[in-house]
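Chain by chain, the residues run as shown.
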Amino acid sequence: MVERADYDAILTLIPSGCRVLDLGCGEGELMELLRECKDCRVSGLEIDKDLARAAASRGLSVLEADIDEGLKDFPDNSFDVVVLSQTLQVTRRPHLVLREMLRVGSVAIVSTPNFAQWEVRLQILFKGRMPITKILPYSWYETPNIHMVTVRDFRKFCRNEGISIEKEIFLGLGRRKVLFWPNLFARTAIFSLRKIAHRESQ
Amino acid sequence: MNQSDTIALPEGVGLVKTQYVTFDGPRDVLCLESGEKLAPFTLAYETYGTLNDRKNNTILIFHALSGDAHVARKHSPRDDKRGWWDSMVGPGRPFDTDKFYMVCANVIGGCKGSTGPSAINPASGKPFGLDFPIITIRDMVKGHAQLLDYLGIEKALCVVGGSMGGMQVLQWAVDYPERAVCAIPIACSARLSAQGIAFNEVGRRAITSDPKWNGGKYVNGDGPDVGLALARMIGHITYLSEESLQSKFGRRLKVEKLGYSFQTEFQVESYLHHQGLAFTKRFDANTYLYITKAMDYFDLTEAHGGSLIKALSGVKSRFLVISFTSDWLYPSAESRHIVKALQAVGAEVAYCDMDSPFGHDSFLLDVPGFTDLIGGYLQDVWREVNGNGE
C-alpha cells in the first residue's frame, strides 16, 4: 500500500464546507476525513469495483468509473476542489485529466510521488535498476505507475498548460516537510492549482 | 461480514400479517395519468419494525412485476415460502427491524389485495376485467404516497426497489423530491428498452391468445392458465442469464435417456414448466397485462423532451444506484445512464455495478457484498438524519 501521509497536507489545502471531488478515491479514506473534519460535500470516482463498493458501503457517494473517461459527465465548475491523490501517475492521459479537473472544479489538488527524489536517483545511478522505494513499491513489470513525474517536470508542465501553482507542499522521509531542494528531497509533492484566466472576467 | 445471512429469526417474530386500507372518502380519488379516476381503492400493505416517535425511520420498499406486499417472514407457520426479500429484513440485516420501519404495498393494478382488474367494480358488481383503467408507474407511486399520508409519515428515510420497483424509486424521487432522504434504484432503467417492451408484449400475447382469457372476462380460478404460464416462462428466462442457466441445468436430462419424442426431457424445460405452473396459482392474468403495460409506458424523460437530465433536475434525495454485470434485461449501461444524469444535475450519487452471474434476478439473490452495500449505506443515511450521536 502506498503511504498516504499526504492526506494531512491535502486537508490543510481544502477549506471547510466546500464541494470536493476525489479522483481515484479507493475505499474513501480521504473522503471520510473531509466529510468528518471539514464538513465537505464529497464525491468520488474509483475504477476498482471492490474498492468502489467498499466506499459506497460506508455511505460515500462514490461512482465506479474510470477517471480517464468518467469526468466528462460532470458539468463545468461543479466542484470547488478536485483532488487527485497519488493517482496522476497511473492515468493514461495525465494532461487531459488535469485539464478536466480544472474544468469541473475551480481548484485542483494533485499529490504525486517525485521521481527525482534522491533515493530514486541513487538506485538508478548506482544499481542501474528501476527504483523500488517506500512510495514506489512495485517492480517495473507490475507497477501501475505509467507516468512518473518530477517536481521540475510538473512545474514546467503547469507553465505550458496555463496553470498557476497556488501552493506547494513537499513531504520527505517520515512525513517531514521539505523546505529546500524539493526536487531532490521530496518523496511526495502536493500542488494546489488554478487555471490562469486569460482575461479578467467581467 | 455476511452475518446477515446466518442470523436466524427468533421464534415468534417469524410471522407478518397483510393489512388493508381502503380510501373511500370524498376526496380519496386516485387521478390517473390516463385521465381516468379510480375511487374508491384499496391498498394491501405489510410493515416490519416500528415507526419511531420522530417518524423518520421509514424504508418504503417497492416490489417488482410479480412481487407483492409480502416482503419478508411468513403469513402462517404452515407457509412453505417466506417473503420475496426476506434475507434483507430482520434484526442486524440491511432493513434492520431494530432501527427501521419497513413499509411495502402491493401496487395499484396488482392482484394481492390492492385494487386491480380482479377486484369488484362497484359500478357493475363484477370483476373489473378490462374495464379497469390503464395504470402507470406514476399512478402506482401516487398510491404509495397516499399510503404514507395515511400512516402519518411525511418523509421516508429511504425508497428502495429492484426492476419495476426501481422504476418506482426513480418516479418517487422525481414526483416527491421532499419525501425521501435517499433513493436506491436497483437493476432498473429510466425508461423501458425496446427489448423490454418486446418481451412484455410476447407475454401479453401468450395470455390474450389463450381462449380462456375471453377478453379478460374469466372466472377466478378458471383463467388463461396456459397463456399466463407461457408468459411467465418467457419472463423467467429474461430474469436469468445464459451462464446461470448453463450452470444450473446444463444439458442434464430429467429422464433416463432421450425418448425421441416431444415429452419434457431436459431439466431446464421441466424447471420452466414448474415456474409457469406455480405462477398461475398465485398471479392474475389481467394484472400481468396491466402491470407489464405500466412498465412499457415508463419513460421518465417523456415529459421533458427526452432529456433525463431535465427529468431529474429537481431531485433532492441522495442516490445509491446498483446494477448487475450479467443483467441483460436491464443492462448496466441503463443504470450508468441514470448515474450520468444525476452527476449532471449535481445530485449526490453512488454507483456500483455488482459482479454477479445470476442476471436480472440478482437483486433477489445472495450476491456477495450486496446486503453489506445496502446495509452500510443505510447506516450512513441514518447517521446523517440523526446527527452523529445515534
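Residues numbered from 1 in each chain as written. Chains lettered and ligands numbered in written order. Predicted model: local features only at pLDDT ≥ 70, side-chain atom pairs only at ≥ 80, totals over all residues.

**Digging into the overall build of chain B**
- In terms of regular secondary structure, chain B is built from 11 helices and 10 strands.
- Taken over C-alpha atoms, the radius of gyration comes to 21 Å for chain B, in line with the 21 Å a tight globule of 390 residues would show.
- The dimensions of chain B, computed from C-alpha atoms along their principal axes, are 70 × 55 × 50 Å.
- In chain B, which comprises 390 residues, the share counted as buried stands at 51%. (Helix = DSSP H or I, 4+ residues; strand = E, 2+ residues; numbered from the N terminus. Rg over C-alpha atoms; globule rule 2.2 N^0.38 Å. Buried ≥ 20, exposed ≤ 12 C-beta atoms within 10 Å, placed from the backbone.)

**Notes on the domain arrangement of chain B**
- When its domains are assigned, chain B resolves into domain 1 (3-191 + 300-386) and domain 2 (193-297).
- Only helix H2 (137-150) and helix H3 (164-175) of chain B provide two or more residues apiece to the side of domain 1 of chain B that touches domain 2 of chain B. (Domains from an automatic or database assignment.)

**A closer look at helix H6 (residues 118-127) of chain A**
- With 1 of 10 residues buried, H6 of chain A lies mostly on the surface of the structure.
- Of the residues trailing H6 of chain A, Gly128 of chain A is marked for its positive phi of about 70°.

**Digging into the confidence of the model for chain A**
- The predicted model of chain A has a mean per-residue pLDDT of 91, with 96% of residues at 70 or higher.
- Within chain A, helix H4 (residues 67-70) of chain A has the poorest average pLDDT of any element, 78, and strand E1 (residues 19-23) of chain A the best, 97. (pLDDT = per-residue confidence, 0-100.)

**Description of the confidence of the model for chain B**
All names here are of chain B.
- When pLDDT is averaged across chain B, the result is 94; 96% of the residues are at 70 or more.
- Of the regions scoring below 50 in pLDDT, residues 1-7 engages in 14 contacts with residues more than four places distant in sequence or in other chains.
- This prediction of the complex comes with two scores: 0.93 for pTM and 0.89 for ipTM. (Contact = placed C-beta atoms within 7 Å.)

**A closer look at the pairing of strand E4 (residues 41-49) of chain B**
Residues and elements named next belong to chain B.
- The element E4 is largely enclosed, with a buried count of 8 among its 9 residues.
- When strand E1 (residues 19-23) meets E4, the two strands line up antiparallel, connected through 5 bridges. Bridge assignment links Tyr20 to a residue of E4, and that residue is Ala44.
- Here 5 bridges tie E4 to strand E6 (residues 101-105), and the two strands are oriented antiparallel to one another. Along E6, the bridge assignment pairs Tyr45 with Ala105. (Pairing = 2+ DSSP bridges.)

**Things to note about the pairing of E1 of chain A**
All names here are of chain A.
- Among the 5 residues in E1, 4 count as buried, and that is most of the element.
- Relative to strand E2 (residues 41-46), E1 runs parallel, the two being bridged by 5 bridges. Paired with Arg19 across the strands is Arg41, a residue of E2.
- In this region the chain leaves E1, passes through helix H2 (residues 29-38) and returns to the parallel neighbour E2; the handedness of that crossover is right-handed.
- The sheet contact formed by E1 and strand E4 (residues 79-85) spans 4 bridges and is parallel. If you follow Asp22 over to E4, its bridge partner there is Val83. (Right-handed = clockwise from strand over helix to strand, strands pointing away.)

**What to know about the nonpolar core**
Residue and element names in this part refer to chain B.
- Core analysis: the largest hydrophobic core is formed by 165 residues, its most contacted members being Met102 and Cys158.
- Counting contributing residues, this core receives three or more from each of domain 1 (3-191 + 300-386) and domain 2 (193-297).
- When near neighbours in sequence (up to four residues on either side) are disregarded, Cys158 contacts Ile59, Ala180, Val181, Cys182, Ile184, Leu378 and Val381. (Core = buried A, V, L, I, M, F, W, Y, C linked by C-beta atoms within 7 Å.)

**So, the interface of chain A and chain B**
- Of the residues lining the interface, 17 residues belong to chain A; the matching set on chain B comes to 22 residues.
- Of all the secondary-structure elements, those providing two or more residues to the side of chain A that touches chain B are helix H3 (49-56) and strand E3 (61-64) of chain A.

**Comments concerning the packing of helix H5 (residues 225-239) of chain B against helix H7 (residues 267-280) of chain B**
Residue and element names in this part refer to chain B.
- The geometry of H5 relative to H7 is characterised by a closest axis approach of 8 Å and an angle of 125° between their N-to-C directions. When the axis of H5 is compared with that of H7, the two are oblique. As for how H5 packs across H7, the hand of that crossing is right-handed. In this structure, H5 contributes Asp225, Leu228, Ala229, Leu230, Arg232, Met233 and His236 to the contact, and H7 contributes Leu272, Gln275, Gly276, Leu277, Phe279 and Thr280.
- Of the residues assigned to the contact of H5 with H7, the class counts are 7 nonpolar, 4 polar and 2 charged. (Axes fitted to C-alpha atoms, helices over the stretch in contact; angles between N-to-C directions. Parallel < 35°, antiparallel > 145°, perpendicular 65-115°, else oblique. Left-handed = near helix turned anticlockwise from the far one by under 90°. Nonpolar A, V, L, I, M, F, W, Y, C, P; charged D, E, K, R; others polar.)

**Observations concerning unusual backbone geometry**
- In this structure, the amide linkage connecting Ala39 of chain B to the following residue, Pro40 of chain B, adopts the cis form with an omega of -10°.
- Relative to the helices and strands, Pro40 of chain B is located in the loop between strand E3 (37-38) and E4.
- Of note in this structure, Trp181 of chain A is not a glycine but carries a positive phi near 45°.
- Take Trp181 of chain A: it is sitting in the loop between strand E6 (163-171) and helix H8 (182-185).

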